[in-house]
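# What the coordinates show
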Amino acid sequence: MFNRDFWSEIFMALKRNKLRTILTGFAISWGIFMLIVLLSAGNGLKNGVTGNFADRIKNTYTIWSSSTELPYKGHKAGRFIMLNNKDIQLLESLYQVEEVSPVLSKGGTLIFGEKSRNVSMEGVKPIFKNIEGVKVIEGRFINENDMRNKLKVVVIDKNTNEELLRTSEETSMMGKTVYINGLSFTVIGVSKGMAFGEMGQCYAPYSTIRAIYNVNEYYQLTFTTKGLDTKEDNEVFSKELRKKIAMLHEFSPDDNRGVWIDSQMVNSLETMRIFNTINIFIWVIGIAMLISGVVGVSNIMRITVKERTNEIGIRKALGAKPRSILLSIVMESLVITTIFGYIGMICGIGLMEIVNSIMESSGAGTNSEMGMSVFVNPTVDISIVVMATLVLIISGVAAGFAPAWNSVKVKPIEAMNYR
Amino acid sequence: MIKLNNINKTYFGAQPLHVLKGINLDVAEGELVSIMGASGSGKSTLLNILGILDNYDEGEYYLAGKLVKNLSENQAAEFRNKLIGFIFQSFNLIPFKTALENVALPLFYQGVNRKKRNMMAMEYLERFGLKDWADHYPNELSGGQKQRVSIARALVTSPKIILADEPTGALDSKTSAEVMQILREVNATGITMVIVTHERGIANLTRKIVHLKDGIIESIEENDPDKMDFTKEIK
């Protein structure tokens, strides 16, 4: 059945109607192409944004100090609330709180050889790496040993690292001694870090900074929680925590400011919700495109069969069996959809791979200044693409099958006399 | 070869049309029969039933000893392919195939391989003086050439019976005479032939003339074509 003659018949039919074949094929290629580009772009956005949270653990909170907005118990509005040890004690007393990691901030000047740079030094616990999602690109982060022994070690940010190494003979800052506010620190790592302009950001062990500066006030407290799994749990917890802190610092429990309480869990759930919506949107568009492709194919098949009614009648008179006619029509549409679907697939994947490699080599899509990425790896799961192509082919054939079947059912004499 | 018992056929349209009202006819092997009648007499319908291109409502039709009734599409296709050769007024050649490909097509449906198919088709084209036209498309051929191609196509499977529907209807008188001469020669090799025509001149070249009127056989006339000078009296 599927010998050389069979295929040459089909390719002859396609060649005979070159324009029609190409137009139909273009609709299919374009549909698949756009579907791939859309899905890839959606994936790129998702990979980019969620990549920023990827290293973070979800069950974490950050509390920032801030100014009040409402007057309360004789205090004027706009009072700055500084977090202190009482807040830490409060947090540690709550059963939902697992571990508190306060952030001690100290501004200063970092000096290495001839070079100096303004830095903000944060005294943090090892868990901070996971809470804030700090990315260490060289060396290591602060560990428990540093904490216990109050070692004078420091993790510097990428920009500071580059700045210090520039015009220097050194190739790495690892193990080098730097001076921060006159005290010597050993560099143990480089973080991708959140550096704002000229200001560098360094991390040192919490215990060390605390011992040196004896600070008791904090701009930022972070902690991990346990047993708070849903958005609702976290919202209830946030509200109660806000009330307790408000009582401690005597600001209105109704004040939305005073402190910022930020739940990583809620943020991440929100982000996921947004991406799910985007995903649904993309699929709706993609499916609509597929449908238009299928409609195109079935339309062309209907016209093809109509045009060939006469020929089909002649073939039947000469002894063609219904199966051979049906098969040749269905295979014709199968060949069109497969070839052009494949072309669209290759073009779409090719384009996105090119975009991807350009972005990777140029670093576009990631904001190095902020250490944040927006658009990463805009590619699509190949199985989804193959499935979409298969759906298109199958529905195209199914759509072409009905008119083919009808023409096969027509009596040969009627088909031959059809004009 | 052909035996018809009380064949009835009605077209059910807005107005039911009883076109064949009990046809009884025997055609022996090797006979050359013409069916004559005015338009609307049912002669084309009868030929379509003989060719299994259309079905009938009542009666029995035996072709080469086999009852042709309620055949499946596949069986009908096989019967047409193996037993029957068709010649049409409008030739019914496939326009995008060459003369050779057109002639070879029935063999394709028999599953004959390409090489043998083309060889056999070429043989038949040669027989009708069309060897040099084998690679031409139908629109590059004259009416007579087209009909000769379709005769070659009808014969290529060595059928038992040739059915011709107004084979000279689209041809001028000279070409008609040539085509009829070819058909008579084909008949002389022993192939049964039924020709539908409304032209007396054509019917006169056959041995048996069946006159059809309003769906019934009016008369069957025996005829001796050798008495006729067909080159002069054809029209």
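Computed from a predicted model, the values in this text were never measured in an experiment.

### Things to note about the overall build of chain B
- Scanning chain B from N- to C-terminus turns up 8 helices and 10 strands.
- The 235 residues of chain B split such that 55% are buried.
- Of all intrachain contacts in chain B linking residues separated by at least 6 positions in sequence, the fraction that spans at least 24 positions is 68%.
- Counting only carbon and sulfur atoms, one obtains 48% of the accessible surface of chain B, whose full area is about 10,400 Å².

### What about the overall build of chain A?
- For chain A, the count of helices and strands is 13 helices and 15 strands.
- Across the 419 residues that make up chain A, the buried fraction comes to 46%.
- Partitioning the contacts of chain A with sequence separation of at least 6, the portion at a separation of at least 24 is 78%.
- Accessible area for chain A stands at about 20,600 Å²; split by element, carbon and sulfur atoms hold 60% of it.

### Comments concerning the pairing of strand β3 (residues 32-36) of chain B
All names here are of chain B.
- Of all the 5 residues making up β3, 5 are buried; the element is thus mostly covered by neighbouring parts of the structure.
- Side-chain alternation along β3 places Leu32, Ser34 and Met36 on one buried face and Val33 and Ile35 on a second face that is also buried.
- Inspection of the sheet shows β3 paired to strand β8 (residues 192-197) by 5 bridges, in the parallel sense. Along β8, the bridge assignment pairs Ser34 with Ile195.
- Pairing of β3 with strand β9 (residues 208-213), which is carried by 4 bridges, proceeds in the parallel orientation. Among the inter-strand pairings, Met36 is bridged to a residue of β9, identified as His211.

### Focus: the interface of chain A and chain B
- Counting from both sides, the interface comprises 24 residues of chain A and, opposite them, 25 residues of chain B.
- Around 2,400 Å² of area is buried between chain A and chain B when both sides are counted, 57% of it from carbon and sulfur atoms.
- Linking chain A to chain B there are 3 salt bridges.
- The partner of Glu78 of chain B in a salt bridge is Lys321 of chain A, with the nearest N and O atoms 2.6 Å apart.
- If you list the elements that add at least two residues to the side of chain A that touches chain B, you get α1 (4-16), α10 (309-317), α11 (322-362), α12 (382-409) and α13 (412-417) of chain A.
- When the residues that make up the side of chain A that touches chain B are grouped by side-chain class, the tally is 10 nonpolar, 4 polar and 10 charged.

### Some points on unusual backbone geometry
Residues and elements named next belong to chain B.
- Positive phi values are uncommon outside glycine, yet Ile52 reaches one of about 55°.
- For Ile52, the location among the structural elements is in the loop between α1 (43-50) and β4 (58-63).
- Even without being glycine, Glu166 reaches a positive phi, approximately 45°.
- Checked against the element boundaries, Glu166 lands in the loop between β7 (161-165) and α6 (173-188).

### A few points about the packing of aromatic side chains
- On inspection of all chains with the given rule, the structure shows 11 aromatic pairs over all chains.
- Note on Phe86 of chain B and Phe88 of chain B: the rings are 5.6 Å apart at their centroids and 10° apart in plane angle, and the pair reads as stacked.
- Ring plane angle 65° and centroid distance 5.1 Å describe the contact between Phe108 of chain B and Tyr109 of chain B, whose orientation is recorded as edge-to-face.
- A network of ring pairs unites the aromatic residues Phe26, Trp30 and Phe33 of chain A as a single cluster.

### Some remarks on the nonpolar core
- Of all hydrophobic cores here, the largest spans 70 residues; its most connected members are Ile2, Leu4, Tyr61 and Leu63 of chain B.
- Looking at which element gives the most residues to this core, the answer is α11 of chain A, with 8 residues.
- Not counting chain neighbours up to four residues away, the residues in contact with Leu63 of chain B comprise Met1, Ile2, Ile52, Val68, Phe79, Leu83, Ile84 and Ile161 of chain B.
- In terms of nonpolar packing, the next biggest core, distinct from the first, is built from 52 residues, Val178, Ala204, Phe237 and Leu241 of chain A among them.

### Notes on a nonpolar patch on the surface
Residues and elements named next belong to chain A.
- Together, Trp283, Ile287, Ile291 and Val295 give the surface a local cluster of nonpolar side chains, amounting to about 350 Å² of exposed area.
- Considering the arrangement of structural elements, one finds Trp283 in helix α9 (residues 264-307).
- Since its relative accessible area comes to 31%, Trp283 is described here as partly exposed.

### What about the environment of Met121 of chain A?
Residues and elements named next belong to chain A.
- Looking at where Met121 falls in the secondary structure, it is placed in strand β5 (residues 115-124).
- The exposure class of Met121 is buried, given its relative accessible area of 0%.
- Through-space distance from the C-alpha of Met121 to that of Ser105 is 5.6 Å; in sequence the pair is 16 residues apart.
- The contact partners of Met121, leaving out residues within four places of it in the chain, are Leu104, Ser105, Lys106, Ile180, Phe185, Cys202, Ala204, Ile209 and Tyr213.

The rules we used
Residues numbered from 1 in each chain as written. Chains lettered and ligands numbered in written order. Predicted model: local features only at pLDDT ≥ 70, side-chain atom pairs only at ≥ 80, totals over all residues. Heavy atoms only, no water. Helix = DSSP H or I, 4+ residues; strand = E, 2+ residues; numbered from the N terminus. Buried < 20%, exposed > 50% of the residue type's maximum accessible area, 1.4 Å probe, protein only. Contact = heavy atoms within 4.5 Å. Areas by Shrake-Rupley, 256 points an atom, 1.4 Å probe, with all protein chains shown as cover. Pairing = 2+ DSSP bridges. Buried area = accessible area lost by both parts, 1.4 Å probe. Salt bridge = Lys/Arg side-chain N within 4 Å of Asp/Glu carboxyl O. Nonpolar A, V, L, I, M, F, W, Y, C, P; charged D, E, K, R; others polar. Phe/Tyr/Trp six-rings, centres within 6.5 Å; stacked < 30°, edge-to-face > 60°. Core = buried A, V, L, I, M, F, W, Y, C linked by side-chain atoms within 4.5 Å. Patch = residues over 30% accessible without salt bridge, like charges linked within 9 Å, V, L, I, M, F, W, Y side chains within 5 Å.

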